[in-house]
Amino acid sequence: MAPAPPPAASFSPSEVQRRLAAGACWVRRGARLYDLSSFVRHHPGGEQLLRARAGQDISADLDGPPHRHSANARRWLEQYYVGELRGDPQGSMENEAVAFEETQKTDPAVEPRFKVVDSDKDLVDWQKPLLWQVGHLGEKYDEWVHQPVTRPIRLFQSDFIEGLSKTVWYSVPVIWMPLVLYISWSCYRTFAQGNVRLFASFTTEHAVVVPKSMFPGLFMLGIFLWSLMEYFIHRFLFHMKPPSDSYYLIMLHFVMHGQHHKAPFDGSRLVFPPVPASLGIGVFYVCLHLILPEAVGGTLFAGGLLGYVLYDMTHYYLHFGSPPKGSYLYSLKAHHVKHHFAHQMSGFGISTKLWDYCFHTLTPEKPHLKTQ
């Protein structure tokens, strides 16, 4: 006969309040207590929104309108279960928790859906690198990859290659901003010499002189063109649906973008690692250098590279930042959260919603999360 499970720990309201005062983030569902301290930084609504619920009963948040969570989310919560609240759940703890309550309330626009991972029952073995496993999922891959989990991902067996596949967020400005500044200054000096001409490789008679006053416009054009390219790459490349019978295309999709949708809180995989990013950046630089005068192509490239840096920094902030409600960044965060957790085939813009407006791919104003 299997041994009986150990009795659940119990905590008095005063014990819970001492933990809250020490900085822990405990919530309850009825009399059941959950310690979300390790999750607050990953909450898509921001740490402040989750801490605003510390010490409170979240039953209405989970089970009722306006944003009823899925059964998966409710099961996911159980991994943080720590014990039971002694006494009347509606009594003294609720009164004492008022001191911790902030004016902010959880907004359904920034609420996630989660997938509980049972390592023994999931379609992949989480103790092994995932890249070589996902290709075998076949027709189950698309559903599986869009069931997000709150755990990091390992792609490769080799520690060296695995290290190249992830990075810290600040590597992006540290590596690429000096290049933006150097190329910008170099191109501006070339423009200032007054010998930059368009179409000179085709004709000398009709070549057009490009004055240095065009430098700011070309730089801003580079940023603008990057935002458009970002949208198309995200929509048509990152969100292609690989054929279910193609092992290698499924692997390619997962390593490019599927991994991010599977583990959106893996902070080491939210920005592009320097090595793969440098390959793509190098291709764009060569293409611009081949079709345009060096100063013109270089200025467009510098603007586009700054656009990329802003894109990656914005993307990281949308996952881990807590923008003020009503701000533009808050609306971007809500837009991106809905892309991850409710409407994966819309809401492709990261640093701007302009192209989603233009191409009619905005996420619905109100997320309709199905219960499971």
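Residues numbered from 1 in each chain as written. Predicted model: local features only at pLDDT ≥ 70, side-chain atom pairs only at ≥ 80, totals over all residues. Heavy atoms only, no water.

Undergrad: I'd like a description of the layout of surface pockets, backed by residues and values.
TA: Roughly 1,200 Å³ of volume is contained in the largest pocket. Listing elements by their share of the lining of the largest pocket, those giving two or more residues are helix 10 (215-238), helix 11 (247-262), helix 12 (274-291) and helix 13 (294-320). Looking at the lining of the largest pocket element by element, the count peaks at 10 residues for helix 12. Each residue belonging to the lining of the largest pocket can be placed in one class, and the counts come to 32 nonpolar, 10 polar and 2 charged. (1 Å grid on protein atoms, 1.4 Å probe; cavity = no way out; pocket = protein on both sides within 12 Å on 5 of 7 lines; lining within 4 Å. Points joined across faces, edges and corners; volume = space filled by probe spheres on them. Helix = DSSP H or I, 4+ residues; strand = E, 2+ residues; numbered from the N terminus. Nonpolar A, V, L, I, M, F, W, Y, C, P; charged D, E, K, R; others polar.)

Undergrad: Go over the pairing of strand 2 (residues 26-29), please, and point to the residues and values.
TA: Looking at chain direction, strand 2 and strand 3 (residues 32-35) are connected through 4 bridges and run antiparallel. Bridge pairing in strand 3 places arginine 28 opposite leucine 33. Turn length for the strand 2-strand 3 hairpin, with the two strands adjacent in sequence and antiparallel, is 2 residues, and the turn residue glycine 30 shows positive phi of about 70°. (Pairing = 2+ DSSP bridges.)

Undergrad: Before we move on, could you go through helix 10 and cite the residues and values that matter?
TA: Taking 1.5 Å of rise per residue, 24 residues should cover 34 Å, and helix 10 covers 32 Å from first to last C-alpha, within 8% of that figure. Buried within helix 10 we find Phe215, Leu218, Phe219, Gly222, Trp226, Ser227, Glu230, Tyr231, His234 and Phe238. (Expected span 1.5 Å × (residues − 1). Buried < 20%, exposed > 50% of the residue type's maximum accessible area, 1.4 Å probe, protein only.)

Undergrad: Tell me about the sheet that holds strand 1 (residues 10-11), and please be specific about residues and values.
TA: In space, the 4 strands of this open sheet follow the order 1-4-3-2, with mixed pairing throughout. With one partner strand each, in any of the chains shown, strand 1 and strand 2 form the two edges of the open sheet. Examined bridge by bridge, strand 1 and strand 4 (residues 81-85) share 2 bridges and lie parallel to one another. Bridge pairing in strand 4 links serine 10 to glutamate 84.

Undergrad: With reference to specific residues and values, describe the confidence of the model for the protein.
TA: Low-pLDDT portions of the prediction should not be read for the details of their coordinates. For the protein, the average pLDDT comes to 81, and 74% of its residues sit at 70 or higher. Low confidence marks residues 64-68, where pLDDT is under 50. Its contacts with residues over four positions away, or in another chain, come to 12 contacts. For residues 91-106, every residue scores under 50 in pLDDT, and the model assigns this stretch 36 contacts once sequence neighbours within four places are set aside. (pLDDT = per-residue confidence, 0-100. Contact = heavy atoms within 4.5 Å.)

Undergrad: So what about the environment of tryptophan 132? Which residues, and what values?
TA: Counting through the fold element by element, tryptophan 132 comes out in helix 6 (residues 131-134). In this structure, the C-alpha to C-alpha distance between tryptophan 132 and tyrosine 248, residues 116 residues apart in sequence, is 9.2 Å.

Undergrad: Describe unusual backbone geometry, and please don't skip the residues or the numbers.
TA: Its identity as a non-glycine residue notwithstanding, histidine 360 has a phi of 60°, on the positive side. Within the secondary structure layout, histidine 360 lies in the segment after helix 15 (354-358). Take histidine 360: its relative accessible area is 72%, and that puts it in the exposed class.

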